[in-house]
Structures are given as C-alpha cells and as structure tokens.
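Chain residues, written in single-letter form:
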Amino acid sequence: MNPSPSFLTLLSPPPSHPPFASPSSKNHEPVVLSRSATMPLPAHPVSGNAVAEEAEFWAQPDGEGYRPCLDFTIQYRKASAKISKEKQKFLVAVVLGGLNQQKIQIVDEVVIARILEAALVVPVLAVDQIWKDESEFSEIFDVDHFKRTLQADVRVVSSLPSTHLGSKPTINTQMPDNVSPLWIRTKFLKELNKGGVLILAGMYSKLSKNLPLDLQKLRCKVAFHALRFVSPIQELGDKFARRLWIKGPYIALHLRLEKDVWVRSGCLTGLGPKHDDIIRKIRESQPQLLTDRLNMTSTQRRLAGRCPLNALQVARLIKALGAPRTAQVYRARGEPFGGAQALQGLVEEFPNVVTKEMLAREGELSPYINRSSAMAALDYIVSLSSDVFLPSHGGNMGSAMQGHRAYVGHRKFVKPNHRGMVGFLEDTSISEAKFSSIMKKMHRRHQGQPENRTNKRSSSDVTTYPVPECMCRHGIRSLLRS
C-alpha cells in the first residue's frame with residue numbers, strides 16, 4: 001500500500017489549468033469546485049519505528065491515480081443557462097430520516113429538479129419518529145454555500161415566491177423504485193407546468209442509481225461539495241478531530257448497537273437471553289419493524305452475514321488486522337443497547353476508546369443537546385479525518401463515509417466480510433495468529449481501494465462508489481470542472 005497524496009494537493013487542478021469556477025450572484029466571488037469539497041485532516045505517515053504489522057494496519061491504500069473529475073458535457077452546460085434562471089416551476093422536497101438518509105434524499109431531489117428543469121426550494125427536514133429532531137436545513141447545512149455551489153445546475157431558493165403561494169401544488173408521497181428521468185418527466189412535468197409547484201416527500205432511494213453521466217456527476221457535486229455543514233458544526237467537529245489527530249493516528253468505528261438496529265435486523269444481540277428476550281418481545285409486538293427477510297431465523301441471518309458485528313467481534317477484527325492495543329479509537333455513537341456491557345469486549349481490548357462527549361470541553365456540546373442531526377454531523381466530521389474507518393454493519397453512514405473517503409483520496413475504509421467471518425469468529429479452536437492471517441487475507445481487497453461502480457450491482461450508488469463516473473485516472477485533464 002502506498003501513502004495517499006497530501007490533502008492540500010489532492011483536489012488542486014494540474015498546473016496547466018486555472019481553477020475552474022462559476023460566478024457567485026451573491027458576492028461575485030467565484031465558487032471554485034477544486035476548493036469546495038469537504039476535506040479531512042491528512043492521514044498520518046507511517047512511522048519508521050512501527051512494527052511491520054502496525055505499519056500495515058495504518059498504511060493507506062493505493063488510490064491508483066484516481067482523482068475527482070466533474071467535467072460536465074457541453075450539452076449539459078448549454079442547458080444550464082436556462083435551467084439556472086427558472087422562475088415558473090418549483091420543486092419542494094420534504095426529506096425524512098436521520099442525517100445520512102436525509103443527505104441521500106437531498107442529492108436525488110437536486111437531480112430531480114434538474115430533470116424537471118425546475119427551481120428547488122431549500123429542502124424541508126421532516127421530524128422523524130425515531131430521531132425527533134426539529135432542526136431546519138439552515139441549522140445543519142450552509143444554505144448560501146449550497147446555493148452558490150449549485151447555481152450552474154439548478155436555481156435554489158429559500159422559499160416559494162409570492163406568485164406561487166396560492167398555487168394548488170401537485171403532491172407525491174409514493175414512487176416506485178428505480179425510476180428513470182423519462183418516468184419523472186412523464187409523471188410530473190405536465191402538472192408542474194400547469195400548477196407551478198411539485199411537492200415530493202419520502203423519496204428515499206427511489207431514483208435510479210444508473211443515470212446519464214452528467215446526472216451522476218451532479219450527484220457527486222451535491223454530496224461532496226454542496227452539502228457542507230454550517231460553520232459552528234464544522235468547526236467543532238474539526239476541533240474534536242484535531243484533538244485526536246495531534247496525538248497520532250486513530251480509528252473511527254461506527255458501531256450499530258442501538259436497540260432499533262437489533263429489532264429491525266432480526267438478529268441476536270450477543271448479550272445473553274435477557275437482552276435477546278427484550279428484543280424478541282418488541283419485534284413480536286411490532287412486526288412491521290423487521291426490515292430483513294421475514295422467512296429467515298436469527299441463525300440463518302447470522303450465517304448469511306446479515307447481522308451487525310457486536311463490539312467484541314469488531315475488536316477481534318481490528319486486532320487481527322494489526323491495530324495496536326494502544327490505538328486511539330473514536331466511537332461514532334448511538335446509545336448501545338445494553339449500555340457498558342455492550343461495549344465491554346471493545347474497551348477491554350482497546351482501552352483508548354473515546355466519543356465526542358469525552359473529547360468535548362465544558363459547554364461545547366450544549367447547543368446540540370437533543371439535536372440528533374447535529375450530533376451525527378459531528379461524528380461524520382471526526383470519522384472522515386480518521387486514518388482508518390470501519391462500520392460494524394451496513395447503512396447510510398457507512399455508505400456515505402465509504403464514498404466520501406474514496407473521493408478525497410481513497411482513505412482506508414475496512415469493509416467487514418460478515419459472511420466470511422462468521423465461521424472463524426465462532427471457531428474457538430483457532431489460534432489468534434491463524435485468525436489474524438485469515439482476516440488479513442479475507443480483507444486485503446476491502447480496505448478502501450478504488451472500486452469500479454460499473455462492476456458492482458446495478459443498485460450501487462455513485463456517491464458510495466465514485467469511480468469511474470466522478471473520479472478519473474489522469475494527469476492532464478482538468479479536475480472538478482464546473
């Protein structure tokens with residue numbers, strides 16, 4: 001594995017090209033895409049004094065020369081002249097769920113606005129039944145930056161103009177999966193042209209993952225450039241990351257150990273019969289919560305690799321991959337079901353486990369109490385700057401982190417092979433040395449190396465796998481051309 005390029009030079013255009021920009025209507029300063037991506041702190045160079053196993057663990061994957069390339073076609077840019085000035089048709093997006101689920105929907109709502117050639121009203125963040133966060137878009141994301149970054153793609157407005165407040169909007173809260181741009185136009189364009197306002201709600205992962213190249217690039221532009229956190233959140237997250245970074249490299253873990261995860265997955269907690277019985281009773285009283293395959297037992301799910309890794313299993317995996325016992329471990333937290341007992345296996349093996357609450361100084365987190373989206377944003381910022389990131393289960397945070405870490409230089413991202421690991425985790429006769437050897441071999445190609453999305457399932461998202469639509473292997477073509 002080779003060290004990743006400096007974070008300061010990664011997104012800079014080649015010397016033969018000036019930075020590409022679009023004029024800002026607000027302050028006439030250019031919006032330079034090559035400088036607008038949300039960037040992590042640089043990965044630590046591997047110490048020459050590190051033993052070979054530790055050096056291998058902290059080493060960054062080879063990015064194989066891939067760098068961001070958002071060069072839109074001439075046809076797209078010509079169409080932008082009209083679309084970016086649209087004042088008759090407006091899309092109102094209502095997005096649901098937690099932070100990372102909301103981000104996925106916002107990305108697609110921008111693309112839908114582009115498809116319909118409509119202006120986009122700043123998205124509405126609905127109050128989720130689970131998270132109960134009443135934050136508005138402007139309290140989480142930088143609205144001015146969002147507007148400026150996308151001004152060449154769609155017109156973004158803060159609210160409906162007075163001319164449209166009395167309009168009878170078209171409202172849609174249901175959409176089939178995998179819809180195409182043609183389906184979007186056929187379904188909504190006539191009514192939108194007539195009434196002027198379209199309201200879309202709950203459009204999570206409904207838009208096809210396989211769109212024309214320009215629209216794929218637009219997805220990346222929204223996800224990695226336009227959706228910047230507001231300064232107070234970004235600056236606090238950066239402070240937390242630096243407090244870890246200054247002491248040396250660190251691992252970030254996204255442990256999915258919350259009660260609702262165990263209920264929805266249909267898996268056993270690993271905490272014993274008492275805790276498993278609590279989950280079973282909730283699942284039986286609310287069967288609609290079970291999102292995994294209904295015809296599988298918990299044992300079948302585990303053997304199929306469909307269950308989250310618990311804290312002990314995560315500890316065994318990162319130890320097997322070479323993480324030293326003294327490693328700093330940042331836990332991106334939701335509250336684990338089972339409390340301290342649920343984390344015991346991790347803390348005993350890696351005593352330097354910290355959370356944002358432990359990194360915060362007095363009063364720093366006070367503005368964000370009971371604001372789950374802001375708390376999730378802080379976890380996201382600290383996790384992005386980690387030298388190694390590992391999610392214990394799939395999900396929106398893991399997918400978002402995988403894509404973002406790829407986009408900023410293929411930072412190390414360990415994707416656990418749940419199905420392959422099961423038998424070895426349960427084999428008590430295997431030695432630690434043998435287990436380590438097996439885990440390293442099993443995960444050699446699952447550590448954040450470039451992965452071509454077009455070689456994946458058709459349901460793979462370009463914001464998780466930005467190669468090849470949003471990242472190119474080249475040395476002279478311009479980067480991040482708007």
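Above this text sits the structure in question.
A short tour of the structure in this document, coming up. (Residues numbered from 1 in each chain as written. Predicted model: local features only at pLDDT ≥ 70, side-chain atom pairs only at ≥ 80, totals over all residues. Heavy atoms only, no water.)

**Considering the state of the cysteines**
And step 1. According to the stated counting rule, one finds three disulfides in the structure shown.
And step 2. Across the disulfide from C220 sits C470; the S-S distance is 2.1 Å. Residues C220 and C470 share a disulfide whose torsion about the S-S bond is about 90 degrees; that sign makes it right-handed. Highlighted residues: C220 in helix α8 (residues 213-226) and C470 in the loop between α19 (432-442) and β14 (471-473), separated in sequence by 250 residues. We note that C220, like C470, is buried.
And step 3. Paired through a disulfide, C267 and C307 show a sulfur-sulfur distance of 2.0 Å. Because the torsion about its S-S bond is -90 degrees, the bridge between C267 and C307 counts as left-handed. Of this pair, C267 sits in the loop between α10 (259-265) and α11 (273-285) while C307 sits in the loop between α12 (298-303) and α13 (311-320), and the two are 40 residues apart along the sequence. (Disulfide = S-S within 2.5 Å. Helix = DSSP H or I, 4+ residues; strand = E, 2+ residues; numbered from the N terminus. Buried < 20%, exposed > 50% of the residue type's maximum accessible area, 1.4 Å probe, protein only.)

**What to know about the packing of aromatic side chains**
And step 1. Using the criterion set out here, one finds nine aromatic pairs in the structure.
And step 2. A centroid spacing of 5.0 Å and a plane angle of 45 degrees characterise the contact between F137 and F141, whose relative ring orientation is tilted.
And step 3. By relative accessible area, F141 is classed as buried at 0%.
And step 4. Seen in terms of ring centroids, F141 and F229 are 5.8 Å apart; in terms of plane orientation they differ by 15 degrees. Their pairing is stacked. With F141 in the loop between α5 (137-140) and α6 (143-149) and F229 in the loop between α8 and α9 (231-245), the pair connects residues that are 88 residues apart, well separated along the chain.
And step 5. In this structure F229 comes out as buried when scored by relative accessible area, which is 4%.
And step 6. Between R114 and the ring centre of Y76, over which it is positioned, the NZ or CZ distance is 3.6 Å.
And step 7. Sitting over the face of the ring of F435, R316 holds its NZ or CZ atom 4.3 Å from the ring centroid. (Phe/Tyr/Trp six-rings, centres within 6.5 Å; stacked < 30°, edge-to-face > 60°. Lys NZ or Arg CZ within 6 Å of the ring centre and 35° of its normal.)

None of the figures reported here should be taken as evidence of function without further support.
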